[in-house]
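Working through the structure, step by step
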Amino acid sequence: MLIRTKINIALGLLIIVFSILNIIWNHQSRILYKESMNVKTNNHRIISIHKQLLSEYSKKISGDEIQTNAELELGMKTPEKIKNIDL
Amino acid sequence: MISKVTIKSTRVQHFWNRQGFVRYIFVLLLLGFAYRIVSIHNLSAGDISLQQRAINQSSLIVTDKARRGDILDRNGEILASNLMLKRIVLNPLKIQSEFITRLADSIGMPFGELETILSEKRKNNRGYLVIKKNIAITNPIIGKVEELIKTRIKVCREKNTEKKLSLVDKALSILGIKKYKTEYETVSDCSPEIAEGIAIENDTKRYYPKGASLAPLIGRMNHDNEGISGIEGEFDKVLAGQNGKRQLEYTNTSNQSYFNSKSLSDLEHGQNITLTIDSEIQFHAFKALENSVAFHEAESGSAIVLSANGEVLAMANYPADDPNNKAVYNPQHYRNRVLADKVEPGSTMKPFTMLLALDKNRITATDDELIDVTKRIGHIRPDKKYKQMTIKKILEKSHNLGTVNISERLTKEEMYSAWSALGFGYPLGLIPSIENSGSLRHYSSWGDVDKRALSFGHGPMETNLAQLARAYLVFANDGKIPSLKLIDGVNYDKKYINVFSSNSVDKISTILDSVVSDKGSGYRAQIDGYSVAGKTGTAERVINGVYSKKGEKRTFFVGFAPAKKPKYIMAVRLDYPKKCFTSWNPELRNRCEGSNSASMTFKETMEDILTNDSSIKLLSDS
């Protein structure tokens, strides 16, 4: 076989190999991209839940909420001061 | 026989010239094409070149929105936060009717209502409809809609198709035996499809969990998500961050860009800001103000609570609106009166006159030192109630003539220097855009009247409530005052300014303790079980540079607890209280003063603060 033919075959094979590799790399890149998008979405979700919980907690322990709960749900009252106790 | 054919070569006339001409034509054509290749790139198509247009079409600039930072209190509790929510968006022109029933179920809306809204939008040819907004990410609606988007439902569409011919008719038509006119019919074409025109988009909403109690301090944002007042406005750039910009080689139908985006500007999320505010103390101060303003029918009220090292623990104003309610906006209800109003502080300045005189050895403030209050000084006339008073008595009864008498022993320069050192007339730098730093006129322009008036908090000075509270920090720091601090992590001036000696401060502090007793004007600020010191104040209200003719007043109380080694310093101001009562008969009306209005607000707040602070000992324990 002529050297020229060998080189041509080798080049042809290389083209095929690189084409296949290119498809694989492109596919991997796409999968990675999708994964990164999923992670990003999950991260966004975690941050938003975290913020929501912190805000809800802050609202729950704000004096207004506690006072309303104590008065309406627990039936608590502000103590009345008795200055003199008759014995 | 082969005939001999001779080809006679004949000369073509002007052959070279013709050939040359054609060659030149070709060269010119090539040059023309070459020029066109270059020039086509710069051809204008409207405002931009074709090249630029091609770049614009093949690439997309994506903006990554920066998250706005949160505002937190000293304990890490959220005071303002950007909730990351979702909204459901519909395209009424695209959504298939088969999905509407399930969509209505998913978003919890009656079918009829949804159908009406959609048909209304279709009629107006509108392709964008936000059907639900501000949905929390944990809301089941999101899951249901996500599922609906993925579901395939049999969708039938009507379409016009050519009426089909039978095989015989077709054959006859092809052979040309019979001619048929093309006829159309409407048929229903059904196939499973996914939903079109339903999308879940990201949404944000600024949320203030503490509602109205912090509104004037935190401020609010406009519709463009820019801070417009308070901390939101002052630190907008820090909180907002910077949006990122990426250039993508992008097509609408694919995600081919992957990681090839080119960053045009980096995304920087907004920073959190931590305040020195304690939400609990803030709530107590706000509630007490709300109650006081209602009880005394005052126009407004403001209060500030400081720690001994100058940290602002609470800054409350009333009236105030809930910033979560976007439908209500009254700019007056977002006014931070603690920093923005400069006022005459009235008798709350008397302790400083005494401190200065004591420091300069003009008085001893002992029980055997008696001040004559029988002679008129300037326009201050004697009352017939007292003839001679001790310093303690002068402060207990908040006696103007007694205080003026002491001020006569001081020079204008001495008073000016002390008042300047206390920070009056100088900005605090807490929220510079809203702060009104008041004024202290230079002593060279004072008359005797000014100096006398200054001794009891009138005349050539005006101050905001925060400056007044800061001046009282001398009682917590052995005569020195620190800078006020509102934002954690900011390098405030750490230097303490020495104003009075520690001995003088101790003496006046003890006297102020007795002001908050049954004998003193601050009797209504007493808190059972705790030692409290303070001073009342009442000032005629100045409107457009003239004292109010209707007798409108501002009432003050500045106090601290415990009286020895104070941990909390609080200043209260009520504007134009109209309804005040005597202490011995809660139904008997009396004219409003610091003693029967502002001192009650102080008591209500401080009582809650002290009972919640286990580090402060009860009087019985100590």
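Residues numbered from 1 in each chain as written. Chains lettered and ligands numbered in written order. Predicted model: local features only at pLDDT ≥ 70, side-chain atom pairs only at ≥ 80, totals over all residues.

Focus: the overall build of chain B
On a plain count of helices and strands, chain B comes out with 19 helices and 27 strands. Relative to the 2.2 N^0.38 estimate, which gives 25 Å for 622 residues, the radius of gyration of chain B is 41 Å and therefore markedly larger than a compact globule would have. Dimensions of chain B, computed from the C-alpha atoms along their principal axes, are close to 165 × 75 × 50 Å. Counting the 622 residues in chain B, one finds 39% classified as buried. Put simply, of all contacts in chain B between residues at least 6 apart along the chain, 69% involve residues at least 24 apart. (Helix = DSSP H or I, 4+ residues; strand = E, 2+ residues; numbered from the N terminus. Rg over C-alpha atoms; globule rule 2.2 N^0.38 Å. Buried ≥ 20, exposed ≤ 12 C-beta atoms within 10 Å, placed from the backbone. Contact = placed C-beta atoms within 7 Å.)

Overview of the interface of chain A and chain B
Opposite the 17 residues of chain A that make contact, chain B presents 19 residues. Of all the secondary-structure elements, those providing two or more residues to the side of chain A that touches chain B are helix H1 (3-60) and helix H2 (63-73) of chain A. Residue contributions to the side of chain A that touches chain B peak at 14 residues, all from H1(A). For the side of chain A that touches chain B, the class distribution of residues is four nonpolar, eight polar and five charged. (Nonpolar A, V, L, I, M, F, W, Y, C, P; charged D, E, K, R; others polar.)

A word on the domain arrangement of chain B
For chain B, the assigned domains are domain 1 (61-67 + 209-274), domain 2 (85-115 + 125-200) and domain 3 (279-611). Each of domain 1 of chain B and domain 2 of chain B has a C-alpha centre, and these two points are 37 Å apart. (Domains from an automatic or database assignment.)

Examining the sheet that holds strand E24 (residues 553-561) of chain B
By definition, the strands of a sheet pair up through backbone hydrogen bonds, in either a parallel or an antiparallel sense. Residues and elements named next belong to chain B. The strand order across the open sheet built from five strands is E14-E13-E25-E24-E21, with neighbouring strands paired in antiparallel fashion. A single partner strand is all that each edge strand has here, and the edge strands are strand E14 (312-318) and strand E21 (533-540). Adjacent strand axes in the sheet meet at a mean angle of 10°, parallel and antiparallel pairs treated alike. Of the strand pairs in this sheet, E21 and E24 are connected by eight bridges, and their pairing is antiparallel. Bridge pairing links Ala533 to Phe560 in E24. Helix-sheet contacts for helix H10 (residues 279-295) involve strand E13 (300-307), E14 and strand E25 (568-575), and the interaxial angle to E14 is about 25°. (Pairing = 2+ DSSP bridges. Axes fitted to C-alpha atoms, helices over the stretch in contact; angles between N-to-C directions.)

Regarding the packing of helix H14 (residues 400-407) of chain B against helix H16 (residues 448-455) of chain B
Residues and elements named next belong to chain B. Running from N to C, H14 and H16 cross one another at 120°; their axes reach a closest spacing of 8 Å. The orientation of H14 relative to H16 falls into the category oblique. Two packed elements cross with a definite hand, and for H14 against H16 that hand is right-handed. Residue-level inspection shows Thr403, Val404, Ile406 and Ser407 of H14 in contact with H16, the latter providing Lys451, Arg452 and Ser455. Its residues assigned to classes, the contact of H14 with H16 comprises two nonpolar, three polar and two charged. (Parallel < 35°, antiparallel > 145°, perpendicular 65-115°, else oblique. Left-handed = near helix turned anticlockwise from the far one by under 90°.)

Topic: the environment of B:Glu196
Residue and element names in this part refer to chain B. Along the chain, Glu196 falls in the loop between strand E8 (184-194) and strand E9 (198-207). A residue is classified by how many C-beta atoms lie within 10 Å of it, and Glu196, with 14 of them, is partly exposed. Separated by 234 residues in the primary sequence, Glu196 and Leu430 place their C-alpha atoms 53 Å from one another. Apart from the residues within four sequence positions on either side, Glu196 is in contact with Lys94, Ile95 and Gln96.

A few points about the confidence of the model for chain B
All names here are of chain B. On average, residues of chain B carry a pLDDT of 89, and 95% of them reach 70 or more. At the low end of the mean pLDDT range in chain B sits strand E1 (residues 44-45), at 64; at the high end sits helix H17 (residues 465-471), at 97. Taken together, the chains of this predicted complex give a pTM of 0.82 and an interface ipTM of 0.74. (pLDDT = per-residue confidence, 0-100.)

So, the nonpolar core
All names here are of chain B. Formed by 115 residues in total, the largest nonpolar core has its most connected members in Ala303, Ile304, Val305, Ala314, Ala469 and Met570. Both domains that furnish three or more residues to this core are identified here as domain 1 (61-67 + 209-274) and domain 3 (279-611). Leu90, Phe99, Leu103 and Val145 belong to the second largest nonpolar core, which has eight residues in total. (Core = buried A, V, L, I, M, F, W, Y, C linked by C-beta atoms within 7 Å.)

Quick look at the pairing of E14(B)
All names here are of chain B. Along E14, seven of the seven residues are buried, which leaves the element largely enclosed by surrounding structure. In this structure, E13 lies alongside E14, joined through six bridges in antiparallel fashion. By the bridge assignment, Gly301 is partnered in E14 with Tyr318. Here E13 folds back onto E14, and the loop between the two strands holds four residues, one of which, Gly310, carries a positive phi near 95°.

Topic: helix H19 (residues 598-611) of chain B
Residues and elements named next belong to chain B. Its 14 residues give H19 an end-to-end C-alpha distance of 20 Å, which sits within 8% of 20 Å, the value for a rise of 1.5 Å per residue. In terms of burial, H19 is a largely internal element, ten of the 14 residues being buried. Inspection of H19 places Ala598, Ser599, Met600, Thr601, Phe602, Lys603, Thr605, Met606, Glu607 and Ile609 among the buried residues, and these make up the whole buried set. In this structure, the buried residues of H19 make contact with H10, E13, E21, E24 and E25. (Expected span 1.5 Å × (residues − 1).)

Structural notes on the packing of helix H12 (residues 350-359) of chain B against H14(B)
Residues and elements named next belong to chain B. Their axes nearest at 10 Å, the elements H12 and H14 cross at an angle of 35°. You can see that H12 and H14 cross each other, and the crossing is left-handed. Taken together, the residues of H14 that come into contact with H12 (itself represented by Lys350, Thr353, Met354 and Ala357) are Thr403, Ile406 and Ser407. In the contact of H12 with H14, the residues fall into three nonpolar, three polar and one charged.

Some words on H10(B)
Given a rise of 1.5 Å per residue, 17 residues ought to cover 24 Å, and the 24 Å separating the end C-alpha atoms of H10(B) matches this to within 8%. All of the buried residues in H10(B) are B:Ser279, B:Glu280, B:Ile281, B:Gln282, B:Phe283, B:His284, B:Ala285, B:Phe286, B:Ala288, B:Leu289, B:Ser292 and B:Val293. As for H10(B), its buried residues are in contact with H2 of chain A together with E13, E14, E25 and H19 of chain B. Looking one or two places after H10(B), you find B:Glu297, whose phi comes out positive at around 50°.

Focus: the environment of B:Thr186
Residues and elements named next belong to chain B. Inspection of the secondary structure assignment puts Thr186 in strand E8. Overall, Thr186 belongs to the exposed group, with 8 C-beta atoms counted inside 10 Å. Taking the C-alpha atoms as reference, Thr186 lies 74 Å from Leu430; in sequence the two are 244 residues apart.

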